[in-house]
Amino acid sequence: MPQRTPDSLAVEFRDVDSAAPDKILRCLDTLQTMEAGRAYKARALEHLGLGPACVALDVACGLGDDVARMKARCARALGVDRSHNLIAAARSRHPDAGCEFEVADAAALPFPDEAFDAVRVDRSLQHIADPSRVVREMARVTRRGGVVLGAEPDWGTYLLRGPHSALTERIEHDWVRTFQNPWIGRELSSLLAETGVGDRRQEALWLLTQGFAESELLFEIGANARRLASEFPEALAWLKAYRAGPKIPGSFVIFSFLPQMIWLDTALRRAHNGIFHLRPIANEADKSPIRETIHERAEGQGLRRGWLARRAKRGWAAAAPARGE
Ligand SMILES: C[S@@+](CC[C@H](N)C(=O)[O-])C[C@H]1O[C@@H](n2cnc3c(N)ncnc32)[C@H](O)[C@@H]1O
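Residues numbered from 1 in each chain as written. Predicted model: local features only at pLDDT ≥ 70, side-chain atom pairs only at ≥ 80, totals over all residues.

1. A closer look at the overall build of the chain
Filter applied, for reference: Runs of E in the DSSP output that reach at least two residues are strands. Runs of H or I that reach at least four are helices, and both are numbered from the N terminus. With C-beta atoms placed from the backbone, a residue is labelled by how many other C-beta atoms lie within 10 Å of its own: buried for 20 or more, exposed for 12 or fewer, partly exposed between the two. By the criterion used throughout, residues are in contact when their C-beta atoms, derived from the backbone, lie within 7 Å.
A tally of helices and strands in the chain yields 14 helices and 8 strands. A burial count over the chain gives 42% of its 325 residues as buried. Of the contacts formed within the chain by residues at least 6 apart in sequence, a portion of 75% connects residues at least 24 apart.

Have a look at this one:
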């Protein structure tokens, strides 16, 4: 079960209106300023296949920036989010773009069947208790032949830079365990298959942070290390060394895209074989050793899962260094 950690971003995104607004805004805006963040959002927009007559919906739209991008390419673009604060911010951020914003729960979309040509969700199923219900709702409100798009991370691929240590692993996994659905990226295809969405296509893109400041804003490395320090004081020295590290890509996570889900008639449903294949399309040309290594590890998830299960059985305390080591 995900741990309830009061000041973790991953927990606060479940109920933004009870969270510190500055932190939420900083996190959402940081992603938009990052090259990798802009790249995956542009790729997702491309895959929506929007045209001048289209009507599009962004589920859990946050500050509405993706709604404005969709509106620039189609007739109507709507965004829904359960946060009153974020919907108010989206309205004031995009007053003239012709976007429409509404407070709504993603699990009960207030729209009739087949109302949209394209429906997207971006980094939000990871926070929602019943993602299959949301995906069913997204498929319901999408017209036959329309596009359902999910851009969700697979936190099983989250990696911190630097030499291997049990402490680093522990900090990675303390963060990952705060998510409601940390493996949603690899689950998306099956969820869509269950709703009758056919012709599923999948891509994976790296999200690389540059330097400590970006990693800290998105992944709260400092807070995680400080929390751990009550049990393992050496976590503070780890944090100091990590913070002083070189400005190379700092943290990684693979975003799984299911960019073009065409909802077909039930007669045309395809069986899903359950194989999740990671293909870092955006960075195929980049053969740097660090990325290749990480790619191999990501593709070996089966092995990694078994190893993690054994670790979990022994308890994380066994994975972290003993005091005085
Ligand atoms: C990480 S943010 C992503 C926001 C936006 N999609 C983006 O790409 O910037 C997650 C969003 O999910 C919203 N959210 C969480 N649970 C929700 C629910 N049950 N229904 C609708 N929105 C929800 C949050 O309020 C927040 O805006």
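2. Focus on the site of the ligand
Quick note on the threshold: By convention here, the C-beta atom is placed from the backbone, and a residue is near a molecule or strand when that atom is within 6 Å of it. Each residue receives one of three labels: charged for Asp, Glu, Lys and Arg, nonpolar for Ala, Val, Leu, Ile, Met, Phe, Trp, Tyr, Cys and Pro, and polar for the others, Gly being one of them.
Contacts to the ligand come from 20 residues, most closely from A60, G62, R82, A106 and S124. Of the residues in the shell around the ligand, the class split is 9 nonpolar, 4 polar and 7 charged.

3. Considering unusual backbone geometry
A positive phi angle is found at A60, which is not glycine, with a value near 60°. For A60, the position within the fold is in the loop between β1 (55–59) and α4 (65–71). Positive phi, close to 55°, is recorded for R123, a residue that is not glycine. By secondary structure assignment, the location of R123 is in the loop between β4 (116–122) and α6 (131–140).

4. A closer look at helix α9 (residues 211–219)
Turning to α9, its buried residues are E214, S215, E216, L218 and F219. Note on α9: the residue one or two positions beyond its end, E220, has a positive phi of about 50°.

5. Remarks on the pairing of strand β2 (residues 76–81)
To keep it simple, the criterion reads: DSSP-based pairing: two strands are paired if at least 2 bridges between them are found. By the criterion used throughout, a crossover qualifies as right-handed when its path from the first strand across the helix to the second strand runs clockwise, the strands pointing away from the viewer.
Judged by how many residues are buried, β2 sits mostly within the fold: 5 of 6 residues are covered. When β1 meets β2, the two strands line up parallel, connected through 5 bridges. Bridge pairing in β2 places D58 opposite G79. With respect to chirality, the unit in which β1 leads through α4 into the neighbouring parallel β2 is right-handed. Running through helix α5 (residues 84–93), the crossover from β2 to the neighbouring parallel element strand β3 (residues 100–103) is right-handed.

6. Some points on the environment of G156
Looking at where G156 falls in the secondary structure, it is placed in strand β5 (residues 142–160). We classify G156 as partly exposed; it has 19 C-beta atoms within 10 Å. Linking G156 and P182, residues 26 residues apart in sequence, is a C-alpha distance of 7.0 Å.

7. Quick word on the confidence of the model for the chain
Put simply, the test is: pLDDT is a residue-level measure of predictor confidence that goes from 0 to 100.
Chain-level pLDDT for the chain is 75 on average; 73% of the residues reach the 70-or-more range. Contacts for the low-pLDDT stretch residues 1–5, under 50 throughout, to residues beyond four places or in other chains number 9 contacts. Scored below 50 in pLDDT, residues 257–325 shows 97 contacts in the model against residues more than four places distant or in partner chains.

8. Some remarks on the environment of R38
Along the chain, R38 turns up in helix α3 (residues 35–47). Spatially, the C-alpha atoms of R38 and L207 are 10.0 Å apart, while their sequence positions differ by 169 residues.

9. Section: the nonpolar core
Just so we agree on the cut-off: Put simply, a nonpolar core is a cluster of buried Ala, Val, Leu, Ile, Met, Phe, Trp, Tyr and Cys residues tied together by C-beta atoms within 7 Å.
Among the nonpolar cores identified, the biggest contains 59 residues, and L48, A56, V59, A118, V134, M138 and V148 are the most heavily contacted of them. One finds I171, L218, A225 and Y242 within the second-largest nonpolar core, a separate group that totals 14 residues.

10. Things to note about the packing of helix α7 (residues 166–176) against helix α10 (residues 221–229)
Convention followed: Each axis is a line fitted through C-alpha atoms, taken for helices only over the stretch in contact, and angles between the N-to-C directions span 0 to 180 degrees. By definition in this entry, angles of less than 35 degrees are roughly parallel, angles greater than 145 are roughly antiparallel, angles of 65 to 115 are roughly perpendicular, and the rest are oblique.
Look at α7 against α10: their axes get within 10 Å of each other, and the N-to-C directions meet at 110°. Between α7 and α10, the angle is such that the two are roughly perpendicular. Contacts between α7 and α10 involve R170, I171, D174 and W175 on the former and, on the latter, I221, N224, A225 and L228. The class makeup of the residues in the contact of α7 with α10 is 5 nonpolar, 1 polar and 2 charged.

11. Observations concerning the pairing of β4
Most of β4 is tucked away: 7 of the 7 residues are buried. One ladder, built from 4 bridges, connects β1 with β4; its direction is parallel. When the bridges of β4 are listed, A56 appears paired with A118. With 6 bridges connecting them, β4 and β5 associate as parallel partners. For R120, the partnering residue across the bridge sits in β5 and is L149.

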